[in-house]
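# Structural overview
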Amino acid sequence: MPEVPVDVEWVVAEDEKMERVVQRGKTTATPEWAHSVHVEVAGLQPDRWYWYQFKAGDELSPVGRTRTMPAAGSPTEKLRFAFASCQRYDQGFYTAYEHMANEDLDLVVFLGDYIYESGTKKNAVRPHNSGRIFTLSEYRNRIALYKTDPLLQRMHALVPWVVTWDDHETWNNMAGGADRSDEELARRAAAYKAYYEHMPLRRVSLPSGPDMLLYRGLSFGGLANFFVLDTRQYRTKQPKLDSPQDIMSPKATILGGAQREWLFRGLQQSPTQWNVLAQQVPIARIDFKAGEAPGYNTDKWFGYESERRRLLDHLLAMRRGNTVVITGDVHANYANDVFADYRGEKAPVAATEFVGTSITSDGDGEANPADREALLAKNPFMRFYNRERGYVLCELTPKTWRTDYRTVEYVRQPGAPIHTRASFVVENGRPGLQKA
Ligand code: FE
Ligand code: CA
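Residues numbered from 1 in each chain as written. Chains lettered and ligands numbered in written order. Predicted model: local features only at pLDDT ≥ 70, side-chain atom pairs only at ≥ 80, totals over all residues. Heavy atoms only, no water.

It is worth spelling out the coordination of the calcium ion (ligand 2) at this point. A four-donor tetrahedral metal ideally has 109.5 degree angles, and a six-donor octahedral metal ideally has angles of 90 or 180 degrees. Surrounding the calcium ion (ligand 2) are the protein donor atoms D113 (OD), D166 (OD), D167 (OD) and D329 (OD), which sit 2.3 to 2.8 Å from the metal. Binding-site remark: the calcium ion (ligand 2) is held by donors from one chain whose sequence spacing is D-x52-D-D-x161-D. Of the residues examined, D166 reaches a relative accessible area of 2% and is grouped as buried. (Donors = N, O, S within 2.8 Å, 3.2 Å for Na, K, Ca; no water. Buried < 20%, exposed > 50% of the residue type's maximum accessible area, 1.4 Å probe, protein only.)

Now the structure itself:
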């Protein structure tokens, strides 16, 4: 691209051939923002599909498809979405998206690790385009590399994406609310800027140095409110596993005060049939290791027990029983009943959690991991565990939430078939998993 501003025209139409144009406009792509454009179109009809296209000079973009959400509060019969996370480019092919494209979705929710910041792994199936990244141009080039994948491009062009980040969009185990050295702040500003440029985000998320507003709400008619969370930018440093007083400390936070207040108030006021927490790290207290020794991990909500409990107590006190947590991060499928207090024998289920596996991260997975029986025995609230790659399909109606764990047999070669390895339903008003 030339290092000069480029005029861009955009068109929105009611049909794929771009004949019934409903709006058009002009904007400018500047080198300061990597020649990205963020167009916010007002005045479209609710609850319908549109197609869009860009033109710069003589170049026409492919036609993309998107949809508007049903009007807030309107009776809404159905929502079909998939959620995904962790698409480490050098570890596999994006076959999962090839199958996801056939799912007849309203939207995709991406829960983080859209890129990875490190160099290329040993035995990679395709290389990263540099070593570990630190600078703005390196973060830009890394996201650009990921975006060259045709299956990922196609999925973006098919349905709207709701995105949030986890740690690897900046660096491993990032905890932005603590220990902010100048060096870290500069690296984070670079990462956030590149992320904003390349992602479908509104201008309200425009970063300012190392700060970027990513948590936000989204409603799908009267059916579902999504609370899209950012558990990285404001969290205090992960406590040491052998430091129970730090894990229990009320000063430890994974949300930060402002986001917590926004979330608690939003949940309290939410009139929709379902509330969805679209977020990064597991909220169920998972012991990840088979064997005698406990395998808890303080990078998860487990490390912020006081706040974890506060949130789940809040859900219990609301007595709505309609909150479902969707989670990425751990490169495995888990389905969990979530408790505020795990010690009580008859504690009520506070929420349901679907943890979705990676698209590619950790390479070819396993349908039947050797530690499965041990892990399920150690975590009695867990109803499903699998280590294949894939995505999670969710279909919501006013009364029922259905989840299908969709997995591919392998990712080190293209073309793997897809399977449904487990299905669950959640009844509205009755949190917890039921076999479908
Ligand atoms: Fe990951
Ligand atoms: Ca992660």
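From this point on, the discussion continues.
As a further point, take the pairing of strand β16 (residues 389–396). Burial analysis of β16 places seven of its eight residues in the buried class, the great majority of the element. Here strand β6 (residues 79–84) runs beside β16; their pairing, made up of five bridges, is antiparallel. Within β16, the residue paired with L79 across the bridge is L396. Inspection of the sheet shows β16 paired to strand β17 (residues 400–408) by eight bridges, in the antiparallel sense. Looking at β17, one finds that Y391 is bridged to R406. What sits between β16 and β17 in their antiparallel hairpin is a turn of three residues. (Helix = DSSP H or I, 4+ residues; strand = E, 2+ residues; numbered from the N terminus. Pairing = 2+ DSSP bridges.)

Attention shifts here to the sheet that holds strand β19 (residues 430–435). Note: strands within a sheet are paired through backbone hydrogen bonds, in either parallel or antiparallel orientation. The strand order across the open sheet formed by seven strands is β8-β7-β6-β16-β17-β18-β19, and the pairing between neighbours is mixed. Looking along the sheet, the strands with just one partner apiece sit at the ends: β8 (161–163) and β19. Each strand axis lies, on average, 25 degrees off the axis of its neighbour in the sheet, ignoring direction. Note: β17 against strand β18 (residues 418–427), nine bridges, orientation antiparallel. Each bridged residue has a counterpart across the sheet, and for R406 the counterpart in β18 is T420. (Axes fitted to C-alpha atoms, helices over the stretch in contact; angles between N-to-C directions.)

The iron ion (ligand 1) binds to the protein through C86 (SG), D113 (OD), Y116 (OH) and H331 (NE2); the donor distances cover 1.9 to 2.5 Å. For the iron ion (ligand 1), the four donor atoms in the first shell make angles of 87 to 166 degrees at the metal, a pattern classed as irregular. Within one chain, the residues serving as donors to the iron ion (ligand 1) are arranged as C-x26-D-x2-Y-x214-H. A separation of 3.9 Å is found between the iron ion (ligand 1) and the calcium ion (ligand 2), both of which receive a donor from D113. You can see Y116 sitting in the loop between β7 (107–110) and α2 (136–147) and its partner H331 sitting in the loop between β12 (323–327) and β13 (333–339), a full 215 residues away along the chain. (Tetrahedral: all angles 85-135°; square planar, octahedral: opposite > 155°, others 65-115°.)

Helical geometry note: an α-helix holds 3.6 residues per turn, so side chains three or four residues apart project in the same direction. In this model helix α7 (residues 305–318) runs 20 Å from its N-terminal to its C-terminal C-alpha over 14 residues, within 8% of the 20 Å that 1.5 Å per residue would give. Of the residues making up α7, those classed as buried are E305, E307, R308, L311, L312, H314, L315 and M318. Packing partners of the buried residues in α7 comprise α5 (244–248), α6 (257–269), β11 (274–278), β12, β13 and β14 (349–355). In the segment just after α7, R319 is the residue with positive phi, at about 55 degrees. (Expected span 1.5 Å × (residues − 1). Contact = heavy atoms within 4.5 Å.)

On to the sheet that holds strand β9 (residues 216–220). Spatially, seven strands are ordered β9-β10-β11-β12-β14-β13-β15 in an open sheet, and the strand pairing comes out mixed. The two strands at the open ends of the sheet, each matched to only one other strand, are β9 and β15 (382–386). Along the sheet, successive strands turn relative to each other by an average axial angle of 20 degrees, direction set aside. Where β12 meets β14, four bridges bridge the pair, whose relative direction is parallel. Each bridged residue has a counterpart across the sheet, and for I326 the counterpart in β14 is F354. Together, β9, β10 (224–228), β11 and β12 form the strand contacts of α6, whose direction differs from that of β10 by roughly 175 degrees. Along the sheet, α7 contacts β11, β12, β13 and β14; its crossing angle with β14, the most-contacted strand, is approximately 120 degrees.

Along the chain, T327 falls in strand β12. The exposure class assigned to T327 is buried, which follows from its relative accessible area of 0%. Among all residues touching T327, those that are not within four sequence positions of it are F83, L111, Q279, Q280, V281, P282, E353, F354, V355 and G356.

Even without a glycine there, the phi angle at C86 is positive, about 60 degrees. Of the residues examined, C86 reaches a relative accessible area of 0% and is grouped as buried. At N123, a position not held by glycine, the phi torsion is positive, near 60 degrees. With respect to the helices and strands, N123 occurs in the loop between β7 and α2. Since its relative accessible area comes to 62%, N123 is described here as exposed.

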